[in-house]
Amino acid sequence: MTTGRARGLVRRQGDPRATYLELFFDLAFVFALAQLSYTLVQDLGSSGAFQALVLLLAVWWVWFTTAWITELFDPQRPTVQLLTIAIMIGALVMAVALPDAFDGRGLIFAGAYLAIHIGREIFLVIALWDHELRCGPRRVLFWLGVSALPWIAGALAHGTARGALWTLAVVLDYAAYVLRHPTPGMGRTPAALLPSVAEHLAERYRQFFIIALGELILVIGLTLRGTGFAAHRTAAFIVSITITVLLWRIYIYRAGELLSAAIAAAPDRASLARSVSFTHLAMVAGIVFTAVGAELVIAHPLGHSAPAWVAVMLGGPALFLAGRAALEYTVFARVSRGRLIGVVALAALTPAMLHVPPLLSGVAATAVLAGVAISDAVRARGHPPESPLPPGGPA
């Protein structure tokens, strides 16, 4: 029988809104994403990009698993609040160590990451000892024990060995989640016990997207402050801010607004929620690349465009559009041509941008994103608002 204490931790039905605690928790990730952009701009080679991807996956996993904890458990409860704040502190430690995670602070980064996840699951095992949800954290703990080995081994290794071991650890963490943590003697987590409150999940995803845009604005502002208000740098600043506004506009247009309705209409809410998490991960990665590109454009608007610079200046918006197209398919079971054309246009422009100053690459990205936003507006004119139709939903 479930005790009153365990029952009281579970979020009540009909209580979908995100809380101030969750918004407070998200603030740590503005710093984490800014640190990630700083790390990437220091090494724009293939090795640096790969390392940044591994670090982004680790940072996202901390945010994502905490979002699901506050989806399942009432964040108004003091114990859940203490758990969330403890995770936030751990996330800040990860963020501080992040720029040197592949150098001298690997053990701090991996240790904070494991402390967050293992500590959270131990707390839940104790809190839910006689609740129907008690097997969930036990399954997760089993898989954390598996992935902890390459996390710690990687922290003790150096160079490519660390990258290989941490890649394995990240793959294990994500694969266990996708497969619903199959555990010897316990099986998989039943789909019915996975979080699926549409309004809360959708709101949390939207909030994190806004947090990512906040990191982009922070990078733009700090870069301009450090370089001054010369005419060409001011022009680069305006271009970068315009890109930020266009990313916001393209995101919220219909699919972003109707995300909660799409989750509610899906025959398998938990599966759709998992898909949405990966589409948002792609968009956030695109914003991180865009932030790096904005820093380069503002700092060197009339300089020589190195191939890696062009890759982030056009690749960031392209990755965002790809993730946004995937989100649109999740909500409407179709993808508008404008987003696909935008990705193709950015790819086609890349060779030419190698021969022009970075400022013109920023202008090109702005023009493509503006075209996508205008296409959205034109398509909507004279047509009634479209209802969500997630894949597998009723026709």
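What you see is a predicted model; the values in this text were computed from it and never measured.

### Remarks on the overall build of the protein chain
Here is step 1 of the chain: Looking only at helices and strands, the protein chain has 14 helices and zero strands in total.
Here is step 2 of the chain: Reading the protein chain from its N end, one meets helices and strands in the order α-α-α-α-α-α-α-α-α-α-α-α-α-α.
Here is step 3 of the chain: Long-range contacts, defined as pairs at least 24 residues apart, comprise 80% of the intrachain contacts of the protein chain with a sequence gap of at least 6.
Here is step 4 of the chain: Accessible surface, the protein chain as shown: approximately 16,500 Å² in total, 69% of it carbon and sulfur.

### A closer look at the packing of aromatic side chains
Here is step 1 of the chain: Per the stated rule, a full pass over the model turns up 22 aromatic pairs.
Here is step 2 of the chain: Aromatic pair Phe29 and Phe208: ring centres 6.0 Å apart, planes at 65°, arrangement edge-to-face. Placement of the pair is Phe29 in helix H2 (residues 20-42) and Phe208 in helix H8 (residues 198-227), with a sequence separation of 179 residues. Side by side, Phe29 and Phe208 carry an identical accessibility label, which is buried.
Here is step 3 of the chain: Ring centres 5.2 Å apart and planes at 55° place the aromatic pair Phe64 and Trp68 in the tilted group. One end of the pair is Phe64 and the other is Trp68, both in helix H3 (residues 46-72) and four residues apart, which spans about a single turn.
Here is step 4 of the chain: Through a chain of ring-to-ring contacts, the aromatic side chains of Phe25, Phe29, Trp60, Trp61, Trp63, Phe64, Trp68, Tyr174, Tyr177, Tyr205, Phe208 and Phe278 assemble into a single cluster.
Here is step 5 of the chain: Just above the ring of Trp166 sits the side chain of Arg162; from NZ or CZ to the centre is 5.6 Å.

### Some details on the side chain of Glu121
Here is step 1 of the chain: Within the secondary structure, Glu121 is located in helix H5 (residues 106-127).
Here is step 2 of the chain: A distance of 2.6 Å separates polar atoms of two side chains, one belonging to Glu121 and the other to Arg120.
Here is step 3 of the chain: Once you skip the residues sitting within four places of it in the chain, Glu121 turns out to touch Pro137, Val140, Leu141 and Leu144.

### A short note on a nonpolar patch on the surface
Here is step 1 of the chain: On the surface, Phe24, Leu27, Ile85, Ile89, Val93 and Ile108 cluster together into a nonpolar patch covering about 520 Å² of accessible area.
Here is step 2 of the chain: Breaking the nonpolar patch down by element, the ones donating at least two residues are H2 and helix H4 (78-97).
Here is step 3 of the chain: Looking at the nonpolar patch element by element, the count peaks at three residues for H4.
Here is step 4 of the chain: By secondary structure assignment, the location of Phe24 is in helix H2.

### Side note on the environment of Phe142
Here is step 1 of the chain: Inspection of the secondary structure assignment puts Phe142 in helix H6 (residues 135-156).
Here is step 2 of the chain: When its relative accessible area of 35% is taken as the criterion, Phe142 is described as partly exposed.
Here is step 3 of the chain: Expressed as a C-alpha distance, the spacing of Phe142 and Thr183, which sit 41 residues apart in the sequence, is 7.1 Å.
Here is step 4 of the chain: For Phe142, the residues in contact, after removing those within four places along its chain, are Thr183 and Pro184.

### A closer look at the packing of H3 against H5
Here is step 1 of the chain: Packing of H3 against H5 brings their axes to within 11 Å, and their N-to-C directions diverge by 20°. When the axes of H3 and H5 are compared, the pair comes out roughly parallel. Crossing of H3 against H5: the hand is left-handed. Contacts between H3 and H5 involve Leu55, Ala58, Trp61, Val62, Thr65 and Ile69 from the former and Phe109, Tyr113, Ile116, His117, Arg120 and Leu124 from the latter.
Here is step 2 of the chain: Each residue belonging to the contact of H3 with H5 can be placed in one class, and the counts come to nine nonpolar, two polar and one charged.

### As for the nonpolar core
Here is step 1 of the chain: If you look at the biggest cluster of nonpolar residues, it comprises 114 residues, and the most contacted ones within it are Phe29, Trp63, Met94, Phe109, Trp151 and Trp166.
Here is step 2 of the chain: Filtering out sequence-adjacent residues up to four positions away, Trp166 remains in contact with Val54, Leu55, Ala101, Phe102, Gly106, Phe109, Ala110, Pro150, Trp151, Gly154 and Ala155.

### Quick word on the environment of Ile85
Here is step 1 of the chain: Relative to the assigned elements, Ile85 resides in helix H4.
Here is step 2 of the chain: For the pair Ile85 and Leu21, spaced 64 residues apart in the sequence, the C-alpha separation amounts to 8.4 Å.

About the criteria used
- Residues numbered from 1 in each chain as written.
- Predicted model: local features only at pLDDT ≥ 70, side-chain atom pairs only at ≥ 80, totals over all residues.
- Heavy atoms only, no water.
- Helix = DSSP H or I, 4+ residues; strand = E, 2+ residues; numbered from the N terminus.
- Contact = heavy atoms within 4.5 Å.
- Areas by Shrake-Rupley, 256 points an atom, 1.4 Å probe, with all protein chains shown as cover.
- Phe/Tyr/Trp six-rings, centres within 6.5 Å; stacked < 30°, edge-to-face > 60°.
- Buried < 20%, exposed > 50% of the residue type's maximum accessible area, 1.4 Å probe, protein only.
- Lys NZ or Arg CZ within 6 Å of the ring centre and 35° of its normal.
- Polar contact = N/O pair within 3.5 Å; in protein donor to acceptor, adjacent residues only side chain to side chain.
- Patch = residues over 30% accessible without salt bridge, like charges linked within 9 Å, V, L, I, M, F, W, Y side chains within 5 Å.
- Salt bridge = Lys/Arg side-chain N within 4 Å of Asp/Glu carboxyl O.
- Axes fitted to C-alpha atoms, helices over the stretch in contact; angles between N-to-C directions.
- Parallel < 35°, antiparallel > 145°, perpendicular 65-115°, else oblique.
- Left-handed = near helix turned anticlockwise from the far one by under 90°.
- Nonpolar A, V, L, I, M, F, W, Y, C, P; charged D, E, K, R; others polar.
- Core = buried A, V, L, I, M, F, W, Y, C linked by side-chain atoms within 4.5 Å.

Shape is all these values report; function is a separate question.
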